[in-house]
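Descriptive structure summary
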Amino acid sequence: MGGLQKKKYESGSATNYISRNKARKKLSLSLADFRRLCILKGIYPHEPKHKKKVNKGSTAQRTFYLLKDIRFLMHEPIVGKFREYKIFVRKLRKAYGKAEWGTAEKLRGNKPGYKLDHIIKERYPTFIDALRDVDDALSMCFLFSTFPRTGKCHVQTIELCRRLSVEWMNYIITLRSLRKVFLSIKGIYYQAEVLGQIITWLVPYQFAHDHPTDVDYRVMATFTELYTTLLGFINFRLYQTLNLVYPPKVTHSQPAVMLHFDLLSEFGFYCSLLSLSKLSALSASLVRVVSTAEAEEAELDHFPAEGEDGEKLAERLKARQDQDRQEKLFEGLKFFLNREVPRESLAFVLRCFGAQVSWDKSLCIGSTYDVTDETITHHVVDRPSLEKQYINRYYVQPQWVYDCVNARMLLPVEDYFVGVTLPPHLSPFVEEKEGDYVPPEKLKLLALQKGERPEEEEDNDDSEEEEDEDQSDDEDELKGMEEKQASSVKVTPGEAKPVNRQRAEQEAKAEEKRLAVMMMKKRDKYLYDKIMFGKKRSVREANKMSAKRKALDEASKANKKKKLKK
Amino acid sequence: MCLEPARLSHSLHITLCPSLSISLFLSLSLSLSLSLSLSLSLSLSLWLSDYPHIGYDLDGKKIFKPIRNKDELDEFLDKMENPDYWRTIHDKMTGTDVCLSDEQVDLVHRLQQGKFGDVNFNEYEPAIDFFSNEVMIHPVTNRPADKRSFIPSLIEKEKVGKLVHAIKMGWIKPRRPKETAPQYYDLWAKEDPNAILGRHKMHIPAPKMRLPGHEESYNPPPEYLLTDEERQVWEQQDPDERKLSFLPQKYLSLRAVPAFSRFIQERFERCLDLYLCPRQRKMRVNVNPEDLIPKLPRPRDLQPFPTLQSLVYHGHSSLIRSISISPSGQWLVSGSDDCTVRFWEVCTTRCLKTMEVGGPVKSVAWNPAPSISLVAVSYGENVILVNPGLGDRLICSATDQLISSYEEPEEVKDQQVQWAVPEGKAQEQGQRLILTHPKAVKQVSWHGRGDYLACVMPDDGSSLQVVIHQVSRRRTQNPFHRNKGAVQCVSFHPSRPYFLVATQRYVRVYNLIKQELTKKLMANCKWISSMAVHPGGDNVICGSYDCRLAWFDLDLSTKPYKVLRHHKKALRGVAYHKHYPLFASGSDDGTVIVCHGMVYNDLLQNPLIVPVKVLKGHIITHDLGVLDVAFHPTQPWVFSSGADGTVRLFT
């Protein structure tokens, strides 16, 4: 007896969490501001283990934040800026209401703003942390840079996004760190490796957007605000590490056209616009801070890492060599892009692997040579037929470029000629595990990578074999009939059934396992059943896929035969 | 000085005031009286209409209405004859008739037509623009300009002076140019990985977006495209349930690929996920399923146990509820629902004897004593003791003698069970005693010595559910005053004076000598169907209708040492082998599972239970499979009886 009476919900998990509304009130912010603050600071809700306890006995749906997080937000200087902005809006509205245009103008001139530098530094204490999170930033910037200059968001934001994304692409080109490209129905996925981090981003196809109504652009804009800041700092740092000038400039070692533009660029207004468009042409290389010799790459020494034996080292070295080879995939090739192909994407990819690329002068600035150039090796075309063709170059469809990049080798061009039905475009991101379904095209590709020549399918042989089989079957049947006629009453000596030892052993083993499974503990059994269920399902799916493929192949083969007969 | 003239004028005004005011008053009163007379006369004419006068003159005398003696006829005549009748108006005020002049008639006509009363008024006079664009020689107003318009403003001068002074002093500065472009610099120039805030130590980075598979390609392999049925299923599914959030599509060339309509939505959803989703670290179980399987001794090392179905005993036409084997292991007895009891030779599957009884046989039990050849058979309310006459003749005759040597005691007690000796054909068939019970008997069970026989008559809550008969003295006892729950089966302990009674959920162990409850075993199942006691006496197994088999260790606990859930359907029978460490269970799923159940003499070592064989053979009929199992007393063979009317021997 004695002591203070314990009350419910005064300690433990109930005090560690705070509901969203309470947090908002504690910070004295409107919901929109609270949302912005959470986005900028990277605060997300938490799911308590015992929701009812935290909710003080109620089972109503609520969003909970950690109280510590909210306390952390209270010290954020940006909260003060939000309040300032609120007051600014109030004053402005008042001035407009009273028709005091002068005051309104003055107020607008003093519009309070804020910077996110410290938040970026706080959220990403090291540069690698920031790089790790840059995927979403890139996808968002690339999306925003395709928005129209009217309506949905500020023109400055769109231009900034465009600038940053172009800077990023130029950096990737300079570093030659693009690894994989994938043409999906959503857009184009790019994967690059920067400072050991794998970074994937998605770029929409160049079309006008059908702006949906169920999207809150304010949320998107807040994210973009954060992402542009992040990407800007990252770009700066990356350019610095490569000794490149930031903001980037293109080199002057280009033909007279470029010089002409440079003269123009003396006149301030055109400066930013032109340089951006030149940059976005992606055809010229960038100015370096220190002009370095061409062959600056020193031979690197290789040291075995800790706990790594000779084999692993060799493996690593081989991977390194492969990568080097991939980086020089298109070196020495000269490409010309026809006007119907996605210019920016192709120029980016080709330049990333060391190709020279140009396009029609009227299409975009930055074209370096003409269609008539005799040294062009590949002409990328995406139309069913072409009237005038040069004899000393390949006319390929754009998929060839992407497939080559993913295969890390120059694929045979025959499958990608103009007007030819393209082979399927496979995702380079899928790594099939054992037991997964592997499409036959992938198998073919793997064989090609190993250096085996694909064997031509010879339909005639198959059919001949089939016929042979048919004949032999007939003979067997005939023999059987004869025997039947002869031996209708005969008693033949019994034959000892051959005992399949192997099979019997297997069966015994299977039975043993089945019996052991029966003796499992309930908890283990549950887990085991779950795992086995998953395995069986994946096997089933793989089987279904291969059956589907087989049926499709047979159907197409039959179609072909029909056509031939006709 | 200044104020004085004003005061003077004021006073003057006051002095002048009376005469002026009077004259004013007069004129006012005059006009008032005029208007008053008018209004008065109007109003008077209204209220004086019933009086002979129309008003009053200045002297206050009545003014009488003019004498008017016109009646309707006069009026009519006047209308007919007077040419000016149409312009004559009766004046109500004066009571006289007034004839309108030509001008007046004209005025009335014009007013009626909505024209101006004055004939000469021109409403369409040309407009004269005073303030026109034409510069005239004279100004419109000739007011001279103010002086202040020629003199610089002092107030403005003061204001400008102040501003100039403030600028000179540096108090006012020009507005700073606004920074429009964001400024970037090397933010991570001095990065310190240890300077992580406390909150960010706990931070869970957002998972990356899932990378696309082959199905998202603009030109996927054909097997990734959905067939028509799959597409229909996809369309009918809820968007949250769909495995793919988009429909895979194939385009012949890159040129043909359209914009993805849900691109912005997907990016927005990702944004929502980033700031609205709770994050949690989930440990993925990374277990090799083979490691989960317990390491058991190989069944091959635990031989002997039955592995093959070797013999089938055909003969019964209905399901066989019970089987029993003679202690010598040479004979087998089976009781079936076709109202027969059959005796078989084990090795040859020959049916040596068929005995018809008066009802479906519920239970048969061979007397376990080797010196007595007696089988208890229960059907309906009767239990008959049969001497099958198989095997050693000496034993058979000794048994007959034993039964016939009974002498009735002097004082006959009233028993609840009638003991009768059959006669005639029944006697010839081998029936030696018939015990008639008050209720249907479900199970019979012999004591190890062979003198006592326990019978079960299940009936929930009744005091008479279990009776124990002593054959040699033809005496019946009811051991329990009352039973809790419906008794399912009973069994004698093989070595000690214990009696086990299984009700629906519990097994009670009674000490027969002390006449008390020693133990109550909780079976953890819904409904016990069968029970068997290990020949060592320390272990009991219970089969239940909810597919479980519970192994009890009587020394350890009242809870099962192990619960086995090997069968898929209800268990019907369980049995222990007498010598070998084996037990078997038969179930409705048509299988008999033989387990190795080694009990060690060392009390510290737990029994080892390993399933060694699943025996299949019985055909499931009417959802019933195996109904009873029994082991051979000497060999590692197991018999099972099933609903398909066969008994099978597995060796």
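Residues numbered from 1 in each chain as written. Chains lettered and ligands numbered in written order. Predicted model: local features only at pLDDT ≥ 70, side-chain atom pairs only at ≥ 80, totals over all residues. Heavy atoms only, no water.

Under the convention used in this document: UniProt positions are given in the numbering used here, feature names are shortened, and annotations may be inferred rather than shown by experiment.
Per an unreviewed UniProt entry, the recorded name for chain B is Ribosome biogenesis protein BOP1, and the organism is Electrophorus electricus. The UniProt entry for chain B carries the following comment under Function (unreviewed entry): "Component of the PeBoW complex, which is required for maturation of 28S and 5.8S ribosomal RNAs and formation of the 60S ribosome." Checking UniProt for chain B, the heading Sequence similarities (unreviewed entry) contains the comment "Belongs to the WD repeat BOP1/ERB1 family."

Going by the annotation in an unreviewed UniProt entry, the name recorded for chain A is Pescadillo homolog, with Electrophorus electricus given as the source organism. Heading Function (unreviewed entry) of the UniProt record for chain A holds this comment: "Component of the PeBoW complex, which is required for maturation of 28S and 5.8S ribosomal RNAs and formation of the 60S ribosome." Per UniProt, chain A has the following entry under Sequence similarities (unreviewed entry): "Belongs to the pescadillo family."

1. Concerning the overall build of chain B
Heads up, the condition is: The way it works is that DSSP assigns letters per residue, a run of H or I at least four long becomes a helix, a run of E at least two long becomes a strand, and they are numbered from the N terminus. Summary of the burial criterion: residues with accessible area below 20% of their type's maximum are buried, those above 50% are exposed, and those between are partly exposed, where the area comes from a 1.4 Å probe applied to protein chains only. Residues are treated as being in contact if the distance between any of their heavy atoms lies within 4.5 Å. With residues, only the protein chains shown are counted as cover, and all accessible areas are computed by Shrake-Rupley using a 1.4 Å probe.
A tally of helices and strands in chain B yields ten helices and 33 strands. Every one of the 651 residues in chain B was classed for burial, and the buried ones make up 38%. Counted over contacts in chain B with a minimum sequence separation of 6, partners at least 24 positions apart contribute 47%. Here chain B has roughly 40,700 Å² of accessible surface; of this, 56% comes from carbon and sulfur atoms.

2. What to know about unusual backbone geometry
In this structure, A:Pro247 follows A:Tyr246 across a cis peptide bond, with omega equal to -5 degrees. Along the chain, the position of A:Pro247 falls in the loop between helix 12 (217–241) and helix 13 (256–264). Phi angles above zero are rare outside glycine, and B:His622 is one such case at about 55 degrees. Relative accessible area serves as the criterion here: at 73%, B:His622 is assigned to the exposed category.

3. Quick notes on the sheet that holds strand 23 (residues 528–533) of chain B
Residues and elements named next belong to chain B. Quick reminder of the rule: Only strands that DSSP links by at least two bridges are regarded as paired with each other. An axis is simply a line fitted to the C-alpha atoms; with a helix, the fit covers only the stretch in contact. Between two such axes, the angle follows the N-to-C directions and lies from 0 to 180 degrees.
Pairing is antiparallel in the open sheet, where four strands are placed in the order 23-24-25-26. Strand pairing shows two members of the sheet lacking a second neighbour, strand 23 and strand 26 (562–564), which therefore form its edges. Each strand of the sheet is rotated relative to its neighbour by a mean of 20 degrees, with strand direction disregarded. The sheet contact formed by strand 25 (residues 549–553) and strand 26 spans three bridges and is antiparallel.

4. Quick notes on a positive patch on the surface
Rules: Candidate patch residues must exceed 30% relative accessible area and have no salt bridge, after which like charges are joined if within 9 Å and Val, Leu, Ile, Met, Phe, Trp or Tyr side chains if within 5 Å. Salt bridges are defined as contacts in which a side-chain nitrogen from Lys or Arg sits within 4 Å of a carboxyl oxygen from Asp or Glu. In this tally, Asp and Glu contribute negative charge and Lys and Arg positive charge; neither His nor the terminal groups of the chain are included. Charge placement uses NZ in Lys and CZ in Arg. For Asp and Glu, CG and CD serve respectively.
On the surface, A:Arg83, A:Lys86, A:Arg90, A:Lys91, A:Arg93, A:Lys94 and A:Lys98 cluster together to form a positively charged patch. By secondary structure assignment, the location of A:Lys86 is in helix 6 (residues 77–97).

5. With respect to the interface of chain A and chain B
Quoted interface sizes are often the accessible area lost when the parts come together. Note the following rule: Note: buried area is the sum, over both parts, of the accessible area (probe 1.4 Å) each one loses when the two are combined.
Taken residue by residue, the interface counts 115 residues in chain A and 90 residues in chain B. Together, the buried faces of chain A and chain B total about 8,700 Å²; carbon and sulfur atoms form 64% of this surface. Interface area lost by chain A to chain B is led by A:Tyr44, A:Ile185 and A:Met519, which between them contribute 10%. Here chain A is connected to chain B by twelve salt bridges. The salt bridge partner of A:Arg549 is B:Glu223, with a shortest N-O separation of 2.8 Å.

6. Some points on the nonpolar core
The criterion, for reference: Throughout this description, the term nonpolar core refers to a set of buried Ala, Val, Leu, Ile, Met, Phe, Trp, Tyr and Cys residues connected via side-chain atoms within 4.5 Å.
Within the largest apolar cluster, 128 residues are counted, with the highest numbers of intra-cluster contacts made by A:Trp168, A:Leu178, A:Trp201, A:Phe330 and A:Phe348. Top element by residues in this core is helix 12 of chain A. It accounts for 13 residues. Core analysis: the next-biggest nonpolar cluster, separate from the first, contains 21 residues, B:Ile372, B:Leu433, B:Val441 and B:Trp446 among them.

7. Observations regarding the sheet that holds strand 31 (residues 626–631) of chain B
All names here are of chain B. Reading across the sheet, the four strands line up as 5-33-32-31 and stay open at both edges, with antiparallel pairing between neighbours. Looking at the sheet topology across the chains shown, the edges are occupied by strand 5 (309–313) and strand 31. The average angle at which neighbouring strand axes cross in this sheet is 20 degrees, direction not considered. Where strand 5 meets strand 33 (residues 647–650), four bridges bridge the pair, whose relative direction is antiparallel. Bridge pairing links Val 312 to Arg 648 in strand 33.

8. With respect to the UniProt feature "repeat: WD" (unreviewed entry) in chain B
Per the UniProt annotation, the sites labelled "repeat: WD" (unreviewed entry) are residues 313–354 and 619–651 of chain B. As annotated, residues 619–651 of chain B comprises 0% helix and 45% strand, and the C-alpha atoms at either end are separated by 19 Å.

9. Considerations on a nonpolar patch on the surface
On the surface, B:Leu163, B:Ile167, B:Met169, B:Trp171 and B:Ile172 cluster together into a nonpolar patch covering about 550 Å² of accessible area. Here B:Met169 lies in helix 4 (residues 154–169).

10. Notes on the packing of helix 10 (residues 134–144) of chain A against helix 12 of chain A
All names here are of chain A. For clarity, the cut-off: Any angle from 65 to 115 degrees is called roughly perpendicular, while one under 35 is roughly parallel, one over 145 is roughly antiparallel, and all others are oblique. With the far helix as reference, a near helix turned anticlockwise by less than a right angle produces a left-handed crossing, and one turned clockwise produces a right-handed crossing. Three categories are distinguished: nonpolar for Ala, Val, Leu, Ile, Met, Phe, Trp, Tyr, Cys and Pro, charged for Asp, Glu, Lys and Arg, and polar for the others, with Gly belonging to the last.
As a packed pair, helix 10 and helix 12 sit with axes 9 Å apart at the nearest point and diverge in direction by 110 degrees. Taken together, helix 10 and helix 12 sit at an angle that is classed as roughly perpendicular. Handedness of the crossing formed by helix 10 with helix 12: left-handed. Each of Val 134, Asp 136, Ala 137, Leu 138, Met 140, Cys 141, Leu 143 and Phe 144 in helix 10 lies in contact with helix 12, whose residues at this interface are Met 220, Ala 221, Phe 223, Thr 224, Tyr 227, Thr 228, Leu 230, Leu 231 and Ile 234. Residues of the contact of helix 10 with helix 12, tallied by class, amount to 14 nonpolar, two polar and one charged.

11. What about the pairing of strand 3 (residues 88–91) of chain B?
Residue and element names in this part refer to chain B. In terms of strand pairing, strand 3 meets strand 4 (residues 96–99) through four bridges, oriented antiparallel. Bridged to Ile 89 within strand 4 is Val 98. Hairpin geometry of strand 3 and strand 4 is characterised by an intervening segment of four residues between the two adjacent antiparallel strands and by a positive phi of about 75 degrees at Gly 95.

12. Observations concerning the environment of B:Pro207
Relative to the helices and strands, B:Pro207 resides in the loop between helix 5 (198–201) and helix 6 (228–236). Along the chain, B:Pro207 and B:Leu274 lie 67 residues apart, while their C-alpha atoms are 9.1 Å from each other.

13. Quick word on the environment of B:Asp91
For B:Asp91, the position within the fold is in strand 3. The contact partners of B:Asp91, leaving out residues within four places of it in the chain, are B:Thr96 and B:Val98.

14. Considering the environment of A:Ser280
Residues and elements named next belong to chain A. As for its position among the elements, Ser 280 is in helix 14 (residues 268–281). By relative accessible area, which is 9% here, Ser 280 ends up buried. Sequence spacing of Ser 280 and Val 166 is 114 residues, and the spatial spacing of their C-alpha atoms is 5.6 Å. Setting aside residues up to four positions removed in sequence, Ser 280 forms contacts with Arg 162, Val 166 and Arg 343.

15. Looking at a negative patch on the surface
On the surface, B:Asp71, B:Glu72, B:Asp74 and B:Glu75 cluster together to form a negatively charged patch. With respect to the helices and strands, the residue B:Glu72 is situated in helix 2 (residues 72–81).

16. Re the packing of helix 11 (residues 155–175) of chain A against helix 16 (residues 343–352) of chain A
Residues and elements named next belong to chain A. Contact geometry for helix 11 and helix 16: axes closest at 8 Å, N-to-C directions at 30 degrees. Of the possible angle classes, the one that applies to helix 11 and helix 16 is roughly parallel. Note on element contacts: helix 16 touches helix 11 through Glu 344, Phe 348, Arg 351 and Cys 352, opposite Arg 162, Met 169, Ile 172 and Ile 173. Per-class residue counts for the contact of helix 11 with helix 16 are five nonpolar, no polar and three charged.

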